[in-house]
Amino acid sequence: MLLELTGLSKRFGPVEVLSDVDLAIDAGEVCALVGDNGAGKSTLVKCVAGIHGIDGGAITVDGEARHITGPRDAAALGIEVVYQDLALCDNLDVVENLFLGREKMRGMMLDDDAMEQLAAETLSSLAVRTIRNLRQPVASLSGGQRQTVAIAKAVLWNSRLVILDEPTAALGVAQTRQVLELIRRLADQGLAVLYISHNLNDVFAVADRIAALYLGRMAAVLDAADATQSQVVELITSGRSGTLGLGADTNGART
Amino acid sequence: MALPPAVELRRRNRAALLQQLHRHGPQTRAALTEALGLNRSTIGALATELAESGHIEETTGQSTGSAGRPSTLVACVPQSITVAAVEIRADRLRFALVGLGGEVLERSETALDEGADPMTAVSVITGGTAAASAEAVAAVPGLVDEGTVAHSTELGWIDRDAAADLEAATGREWQVVDTATAAAVGEWTRGDARDSRKLLYLHGGRGLTAGLVIEGRAQRGGSIQLGHIVVEPGGRECACGLRGCLEAEMEAFGFGEDFETTTLAAGMGDAAARDRLRRFGEDLGWALGAVVTATGPDEILFGGWLRELYLSTAAPVRSALAETTLPHLRSKLRLRTPVLGDEGALIGAAETGFAALFDQMR
């Protein structure tokens, strides 16, 4: 397993946001994380990305327990996060954005040629055909193209786990499809992908496994091939579905 | 008459080497030695022979940046063997001339009048190139067996000997494959599906067809009439005479244009449009469940407008599939969209021709 969370807990003061969460993600698979607003999806991501410290449990990468104390630790382990707001600079072009803060140098100068070549290779390996000119400013790109650039930026750094937080939320129909195909391709090329979404269609289109959070607890982790839409909806809204999910009548509280 | 064993072996090795270069692109002699499991001197002799006959050339490869002489690459000469491929659709005809190694040497398209017979247009678009090429392959949407098109919703053909008609129009022999099978071959050879052992390609045009290829090879009987699987017994009447066919239930005639409007409306919150989409997704999932149970593929590609349908309604499609297939059949099943897009059928038709040529060489 590339990443394994065991018994992960996180409290904000008296509020227990995550309690005893187990999740494992392997290379080459898309694991979708679903849950209602406030279920703890974003907090979970921020714990893995090193933005929040954890109050209990362990994060294991490649079978070794790791203390992730900041985003740099996460990046060093090959974990990259693409947030909803994308964090791209509108006034810079595609290549400059991809290498922002980690520019390649040749002596004292920027190595523009090498960066442009590497950017082109990355985009073509992801079969991105929508971005023709790598030197156009990001401001001139559409929402889908920006999302593509943000994802490519995460992939460029020998990353092994890419976490995507609602990547299709702000996109149109056609652009959503392109991004979904891109996400699937990332995993098929051997990356692990943790994919957070509210849209069950998008989840079913790309996921190998579906993890449902309910009030800070992991209700169930299902194989997407065995799951049905109504099961997942029940897990999201009530934390259980048939024999799956959390014990009866706990209403999310610990018994 | 059987050839002497040494000559026969040489022919086989020659075909294997060309096929390796055709599929995997330019490579060094060392890489060829490893990939084919032949002796270095055998490769050397074959390469010299093929270079003399004009099939391959040895080029100085790109410098890898490391010290030393850059190694020479063996590459196909595209013009040495060419295959003509056409894709016949109701409203247009597409043509490509593909050379050894997969390079597209010529590419053109022409619009067809609705209901007009495409055969004359085929002879015009292929021009003189069809006669000069080693193989000619036509991709036709529908149920195809050998050269005969048994049923095509899109073209309105029933039991038409398309191979004979094409030969009459152009004066050369043609292979006929169905569009979905051709696209499956294309995706296996030049797309992302090269690891698939049993690949099922679904094609959405006017009417829905599917093609099953095993280890990248088209099979007789691999052409499947997906659109005429009954998902609603006693349901809507279909043009084929049955009731409740997938195509009829999905209103698939002229569906392509209508579909984007429906998804857009559903995206903006139109409940009726959402309901329609969900129903289409479910119907597709049920029909697929039957096909998966019958054929056991390890990968399914959603092509044509089914790409859009799948990406927009994956939840009902996969839910219906989970409810109608056995666990061991669905656990290893990969659902994907094609990377070659609309070009897949044309590329695959050409690759079908190359596969036949390599078979003849052995």
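Just above sits the structure.
Per-chain numbering applies: the sequence of each chain, read as written, is numbered from 1 onward. Written order decides the labels, with chains lettered from A and ligands numbered from 1. Local features in this predicted model are restricted to residues whose pLDDT is 70 or higher, and side-chain atom pairs enter the listing and the counts only when it is 80 or higher, whereas totals over whole chains, interfaces and linings include all residues. To obtain the side-chain values, all non-hydrogen atoms of the structure were included, while hydrogens and water were left out.

**Q** Tell me what's going on with the environment of V144 of chain B, and back it up with residues and numbers.
**A** Residues and elements named next belong to chain B. Counting through the fold element by element, V144 comes out in strand 8 (residues 143-145). Sequence spacing of V144 and A131 is 13 residues, and the spatial spacing of their C-alpha atoms is 24 Å. In this structure V144 touches V149, V176, V177, D178 and S223, once residues within four positions along its chain are discounted. Helix and strand definitions here come from DSSP, where helices need a minimum of 4 consecutive H or I residues and strands a minimum of 2 consecutive E residues; each element is numbered from the N-terminal end. Contact definition: two residues touch when any of their heavy atoms are within 4.5 Å.

**Q** A description of the packing of helix 10 (residues 271-295) of chain B against helix 12 (residues 314-324) of chain B should follow, citing residues and the corresponding values.
**A** Residue and element names in this part refer to chain B. In this description, a line fitted to the C-alpha atoms serves as the axis of each element, helices being fitted only across the stretch in contact, and the angle between N-to-C directions of two axes falls anywhere from 0 to 180 degrees. Relative orientation of the contacting elements helix 10 and helix 12 amounts to 35°, with a least axis distance of 7 Å. Between helix 10 and helix 12 the crossing geometry is right-handed. Residues R278, G281, E282, L284, G285, W286, L288, G289, V292 and T293 of helix 10 form the contact with helix 12, whose own contacting residues are P316, V317, A320, L321, E323 and T324. The classification used treats Ala, Val, Leu, Ile, Met, Phe, Trp, Tyr, Cys and Pro as nonpolar, Asp, Glu, Lys and Arg as charged, and all other residues, Gly among them, as polar. Residue composition of the contact of helix 10 with helix 12, grouped by class: eight nonpolar, five polar and three charged. For any pair of crossing helices, the crossing counts as left-handed if the nearer helix is rotated counterclockwise from the farther one by less than a right angle, and right-handed if it is rotated clockwise.

**Q** Give a description of helix 8 (residues 229-238) of chain A that names residues and reports values.
**A** Residues and elements named next belong to chain A. Within the sequence span of helix 8, burial applies to V232, L235 and I236. Viewed along the axis of helix 8, the buried residues span an arc of 95°, placing them on a single side of the element. In the segment just after helix 8, G239 is the residue with positive phi, at about 80°. When accessible area is computed with a 1.4 Å probe and restricted to protein chains, residues below 20% of their type maximum are described as buried, those above 50% as exposed, and intermediate ones as partly exposed. Arc, as used here, means the arc of the directions from the helix axis to the C-beta atoms.

**Q** Before we move on, can you summarise the packing of aromatic side chains with the specific residues and values?
**A** All names here are of chain B. Aromatic pairs are defined between Phe, Tyr and Trp rings, using the six-membered ring for Trp, whenever the two ring centres lie within 6.5 Å; interplanar angles under 30 degrees are classed as stacked, those over 60 as edge-to-face, and all others as tilted. Within this structure, the stated rule accounts for two aromatic pairs over all chains. The interplanar angle of 5° and the centroid separation of 4.1 Å between the aromatic rings of F302 and Y310 together place this pair among those described as stacked. Overall, F302 belongs to the buried group, its relative accessible area being 0%. Sitting above the plane of the W188 ring, R23 keeps its charged end 3.8 Å from the centroid. Criterion for a charge above a ring: Arg CZ or Lys NZ at most 6 Å from the ring centre, at most 35 degrees from the ring normal. Directly above the aromatic system of W157 lies the positively charged group of R160, at a separation of 4.4 Å from the ring centroid.

**Q** For the environment of I224 of chain B, give the residues involved together with the corresponding values.
**A** All names here are of chain B. Relative to the helices and strands, I224 resides in strand 14 (residues 217-224). Judged by relative accessible area, which is 17%, I224 ranks as buried. Sequence separation of I224 and A210 is 14 residues, and the distance between their C-alpha atoms is 4.9 Å. Setting aside chain neighbours within four positions, we find I224 in contact with L143, L200, T209, A210, L212, V291 and T295.

**Q** Which residues make up the side chain of T313 of chain B, and what values go with them?
**A** In this structure, T313 of chain B sits in the loop between helix 11 (306-312) and helix 12. The exposure class of T313 of chain B is buried, given its relative accessible area of 1%. Excluding anything up to four places from it in sequence, T313 of chain B contacts N201 of chain A together with L277 and G281 of chain B.

Any functional reading would require information beyond the geometric quantities listed.
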